[in-house]
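# Secondary and tertiary structure notes
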2 protein chains.
Amino acid sequence: MNIQFSKSTDYALHALLHLAHSKLHQNIGIKELSAALGVSESYLSKIMSKLRQDGIVRAVPGVNGGYELARPAEQITFLEVIQVIEGRQQLFECSNLSSQQHRLLAEDGAGESQRKSECLVKRVMDGAEQHLYQYLREHTIQSVLDEVFKQSNHAVNKK
Amino acid sequence: MNIQFSKSTDYALHALLHLAHSKLHQNIGIKELSAALGVSESYLSKIMSKLRQDGIVRAVPGVNGGYELARPAEQITFLEVIQVIEGRQQLFECSNLSSQQHRLLAEDGAGESQRKSECLVKRVMDGAEQHLYQYLREHTIQSVLDEVFKQSNHAVNKK
DNA sequence: TATATAGTGGATATTATAGGTCTATAATAA
DNA sequence: TTATTATAGACCTATAATATCCACTATATA
Ligand code: SF4
Ligand code: SF4
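Summary of the structure given here. (Residues numbered from 1 in each chain as written. Chains lettered and ligands numbered in written order. Predicted model: local features only at pLDDT ≥ 70, side-chain atom pairs only at ≥ 80, totals over all residues. Heavy atoms only, no water.)

### Some words on the relation of the copies chain B and chain A
Applying a rotation about an axis and a shift along it to one chain copy brings it onto the other copy. Superposition of chain B onto chain A requires a rotation of 180 degrees combined with a translation of 0.0 Å along the rotation axis, giving an RMSD of 0.1 Å. Interpreted geometrically, this transformation is the action of a two-fold axis. Comparing interface residues between copies, 100% of those in chain B also sit at the interface in chain A, which points to an isologous, same-surface contact. (Least-squares fit on C-alpha atoms with pLDDT ≥ 70 in both. Contact = heavy atoms within 4.5 Å.)

### Let's talk about the interface of chain B and chain A
Facing the 55 residues of chain B at the interface are 55 residues of chain A. When residues of chain B are sorted by the area they lose upon contact with chain A, I3, Q4 and Q101 of chain B head the list and together hold 12% of the total. Along the contact surface separating chain B from chain A lie 0 salt bridges. Across the contact surface, chain B and chain A share 18 residue pairs in polar contact (both at pLDDT 80 or more). Looking at the side of chain B that touches chain A, the elements with two or more residues in it are helix 1 (7–21), helix 2 (30–37), helix 4 (78–86), helix 5 (100–108), helix 6 (120–137) and helix 7 (141–158) of chain B. Considering each element in turn, the side of chain B that touches chain A owes the most residues, 11 residues, to helix 6 of chain B. (Buried area = accessible area lost by both parts, 1.4 Å probe. Salt bridge = Lys/Arg side-chain N within 4 Å of Asp/Glu carboxyl O. Polar contact = N/O pair within 3.5 Å; in protein donor to acceptor, adjacent residues only side chain to side chain. Helix = DSSP H or I, 4+ residues; strand = E, 2+ residues; numbered from the N terminus.)

### Things to note about helix 3 (residues 41–53) of chain B
All names here are of chain B. With 13 residues, helix 3 should reach 18 Å at 1.5 Å per residue; the first-to-last C-alpha distance of 18 Å fits that figure. All of the buried residues along helix 3 are L44, I47, M48 and L51. On an axial view of helix 3, the arc spanned by its buried residues comes to 100 degrees, and they lie on one face. Facing away from the buried side of helix 3 by over 90 degrees, the exposed positions are S42, K46 and Q53. Of the surrounding secondary structure, the elements contacted by the buried residues of helix 3 are helix 1, helix 2, strand 1 (57–60), strand 2 (66–69) and helix 4. (Expected span 1.5 Å × (residues − 1). Buried < 20%, exposed > 50% of the residue type's maximum accessible area, 1.4 Å probe, protein only. Arc of directions from axis to C-beta.)

This is the structure in structure tokens:
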């Protein structure tokens, strides 16, 4: 039973949100992050390392060091974060490529020169992936933050 | 690195396609399915069992027994098959529910009576899930089969 | 320059799950 | 009754997620 984002993705998103939320201060140390999220420092730092390697955050070691966003929060999409943490494999990968059925579905109908060796099943699934990705591309760390502020104001006004 | 459909889902879809494609014959035995897909009988029968338990195929044991679709192929959606095999957990499940940050994001802004204890992150992810599901609901075993026929005719005409 | 601070990367432990096999049992047709 | 076929469950293995620990490196600043 796959098809679930890992906890690491969860943590990564929350960490980035924390960084974006307190961007007034330069650097947020792993201790503060760890405390805010309730995740161990060791494990969280692994995740932060990945985010750094992919240019989503910057890290500075030494006294008063820590992490900060490498880019404006509007430019960090959900899709990007997910792909960094989960990897970039496809949602659906054919595992029947040498089966009788594959020959029937993929090589039978389709003209040889067009999309060779891909049947409709694969194409439907790839479509699903693109659909999902498009949605995740449209949502950024900043867009979540905006909503939080909007709600806060609302709550204050009601008082 | 999650976020990938399991092979079982792959096999299930292909098996159903095979059943739908040869629905003239009453029952397709596990042997024929196994041969068509190139998957061991033992493993495939497990998958077929699941499909039966959820009312997607019917099975009859005994001589000349086998499987057939329990419903017309137009009524079997990709989503359904996927959910039977992969389970019905959500794409994203909060793992920070007792963290400092959760209190900040979820309980701070939102009015108490509305959606309690759900922040924007969760809502974005749930939106993604719904988006994906909608797409998968729109594609059925039959719709794939139709395309196969269309292509075949095309190929024949060209000759 | 010395030193405390803070991130990095590797090794390692612990589970959980996917993926797969095998066998005993139950149901069915001939 | 007997041959055939599906079912359920026990069982195994390899891989991956989750997590911790430690030795190392880089930096600010006193
Ligand atoms: S191309 Fe189609 S038939 Fe071939 S393995 Fe992929 S999904 Fe299956
Ligand atoms: S509701 Fe939001 S802040 Fe709370 S755990 Fe879920 S995603 Fe995180």
